[in-house]
Amino acid sequence: MSRPFVPSPNVASIKESATIAVSQRAKALRAVGRAIIDLGAGEPDFDTPAFIRDATKQALDDGATRYTAVDGILPLREAIAADATRRRAGRDAPVTAGEVVVSTGSKQALHNATFSLFGPGDEVLLPVPSWVSYFEMVGLARANAIEVPGDPARGLKVTPALLERYATPRTRGLMLNSPSNPTGAVYDADELRAIVDLAAARGWWLVSDEIYARITYSMAEAPSVFDVASHRENVVCINGVAKAYAMTGFRIGWAVAPRAVAQTMTALQSHTTSNAATESQYAALAALTRTTEADAAVRDMVGEFKARRDAALGILTAIPGLDLVKPDGAFYLYFRAPGGDGTAYATRLLEDEGIAVVPGAAFGTPDWVRVSYAAARADVEDAMHRIVRSWSA
Ligand SMILES: Cc1ncc(COP(=O)(O)O)c(C=O)c1O
C-alpha cells in the first residue's frame, strides 16, 4: 500500500533556495523564446583559468580517481593552514592541517560548522540581509536564527551594539559574511575586530564566511577574521575556490576551526559525503599554490567585475534618491525597490523587462532586490538602462 509522502520534521519547513529558483524561472522563460538577461545568478560568468583545468586533467591522468582522507588531501590542507598561519602573524600557534576540513563547496563547510556548533534551543545571530542558506542551515541544526537588521547608515552592516541588542543568554554564535552576499558591503579591519572581540568576550562562536574575500575593489583583499582576531578559539573561518577562481562546479570549500571542532566536522562529513571530489581537490591545490598564475587570473576577473560595477552604478545615478548599498566587494548590487516591495518589483522586472533579479525577501529584507553583475558587461548595462527607464512605471 502506498502512503502519501509527508516530509519528516527534519525538513518540514525547508525552502528551496530562492536564488536558484529565480535562475530556473529565467531559464524556463528563455526556453519558450523570451530574451532574458539573467542577473539572478551568484556565479562568475568566466571560464575556470586554463592552468587550473590543465592541473585537473593532469591529476586525473596521474590517478586522482580514488577516495582521499575525509578531510581532504594533505597538501591542500597544508596550503590552507599556511595561509591562515601567515594571517595570524605569530599571534598564536601555527595553524595545522588538522584544523582544516576540505568539503564539497563552502556550502558543505558551512553546514558542517552550523550542524556541529549549534543545536536545539540555541540562538544564532544572523545579520540581515543575509545569504539565503544561513537561515536554512541554522534551522537544520534545529537552532533559531535571530535576525539582526543591519544599519542603513553603514551599508546594512551590523555593529557590536546592534548584535548586543538581539543577544540573549541562549545566544551561541553568529554568522558573518564579508564581503556580503547580497549587498557587496565589506567590513573593514576595525569593524571586523570589534565584532570578533565581542564574540570572544561573550563566548559566542563566530562563523566567518569569507568566500568573496578576493573580490574587492578598493583593497587587495577583504580583511579576514584571522587577520584581526586576538585569538581564534571561538572562530570558524570558511572559504573556497568557487567565486575567486571561477570554479563553482568543482565544489571545493573548507573550514579552518579549532581542532576539536574540525574533528567533529570530519566525523559528520564521514557519514554524509566523505571526501570532496578528488580531482577537484587537486584543482584547488593548483589555484592556491600556483600563485603567480592565480593572482593574474583573479586580477583580470576582478578588474572586469569592477568595470561592470562602475558602469552599473554610473547608469543608476539617473534614479533620484535610489537607496543602494555602495558595494566594495562580491558582484552584487542591492537596492530598495520602488514602492518598497522587492518581490512585486522582481516579478515586474522579469515579466515586463526580461531581467531576472532576486527579491530581497530571500535575504530577510523584503523591500530590497539583489542584482548580480556576473554577466556580460553589455547585458549589465542594457539591464541598468531598462531599470532606469521603467523605474517609476
Ligand atoms: C555567501 C556565500 N557563501 C557560500 C556560498 C557557497 O559557495 P560554494 O559554491 O563554495 O558552496 C555562496 C554561493 O553562492 C555564497 O554566496
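Placed above this text is the structure.
Residues numbered from 1 in each chain as written. Predicted model: local features only at pLDDT ≥ 70, side-chain atom pairs only at ≥ 80, totals over all residues. Heavy atoms only, no water.

1. Focus on the packing of helix 4 (residues 105–117) against helix 5 (residues 132–140)
And then number 1: Where helix 4 contacts helix 5, the two axes come as close as 8 Å, and the packing angle between them is 40°. As far as their axial angle goes, helix 5 and helix 4 are oblique. Like other packed secondary-structure pairs, helix 4 and helix 5 cross with a definite hand, here right-handed. Residue-level contacts link Lys107, Leu110, His111, Thr114 and Phe115 of helix 4 to Ser133, Tyr134, Met137 and Leu140 of helix 5.
And then number 2: Of the residues in the contact of helix 4 with helix 5, the class split is five nonpolar, three polar and one charged. (Axes fitted to C-alpha atoms, helices over the stretch in contact; angles between N-to-C directions. Helix = DSSP H or I, 4+ residues; strand = E, 2+ residues; numbered from the N terminus. Parallel < 35°, antiparallel > 145°, perpendicular 65-115°, else oblique. Left-handed = near helix turned anticlockwise from the far one by under 90°. Contact = heavy atoms within 4.5 Å. Nonpolar A, V, L, I, M, F, W, Y, C, P; charged D, E, K, R; others polar.)

2. Digging into unusual backbone geometry
And then number 1: With an omega of 5°, the peptide bond between Val128 and Pro129 qualifies as cis.
And then number 2: On the secondary structure map, Pro129 appears in the loop between strand 3 (123–128) and helix 5.
And then number 3: Cis geometry is adopted by the peptide bond preceding Pro179, which originates at Ser178 and carries an omega value of -10°.
And then number 4: Phi is positive for Ser274, which is not a glycine, with a value near 60°.
And then number 5: With respect to the element layout, Ser274 can be found in the loop between helix 9 (259–270) and helix 10 (278–289).
And then number 6: With relative accessibility at 22%, the residue Ser274 sits in the partly exposed group. (Buried < 20%, exposed > 50% of the residue type's maximum accessible area, 1.4 Å probe, protein only.)

3. Here we look at the environment of Phe226
And then number 1: With respect to the secondary-structure elements, Phe226 resides in helix 8 (residues 225–228).
And then number 2: Considering only alpha carbons, one finds Phe226 and Arg86, 140 residues apart in sequence, at a separation of 9.1 Å.
And then number 3: Among all residues touching Phe226, those that are not within four sequence positions of it are Ala84, Arg87, Arg88, Arg91, Arg232, Val235, Cys237 and Val256.

4. Regarding the side chain of Asp328
And then number 1: With respect to the secondary-structure elements, Asp328 resides in the loop between strand 9 (324–325) and strand 10 (332–336).
And then number 2: One buried charge, Asp328, has no salt-bridge partner; the nearest side chain with opposite charge is Arg309, at 4.1 Å.
And then number 3: A polar side-chain atom of Asp328 sits 2.6 Å from a polar atom in the side chain of Ser218.
And then number 4: Excluding its chain neighbours within four sequence positions, the residues that come into contact with Asp328 are Gly184, Val186, Ile215, Thr216, Tyr217, Ser218, Met219 and Arg309. (Lys, Arg positive; Asp, Glu negative; His and termini not counted. Salt bridge = Lys/Arg side-chain N within 4 Å of Asp/Glu carboxyl O. Polar contact = N/O pair within 3.5 Å; in protein donor to acceptor, adjacent residues only side chain to side chain.)

None of this, on its own, says anything about what the molecule does.
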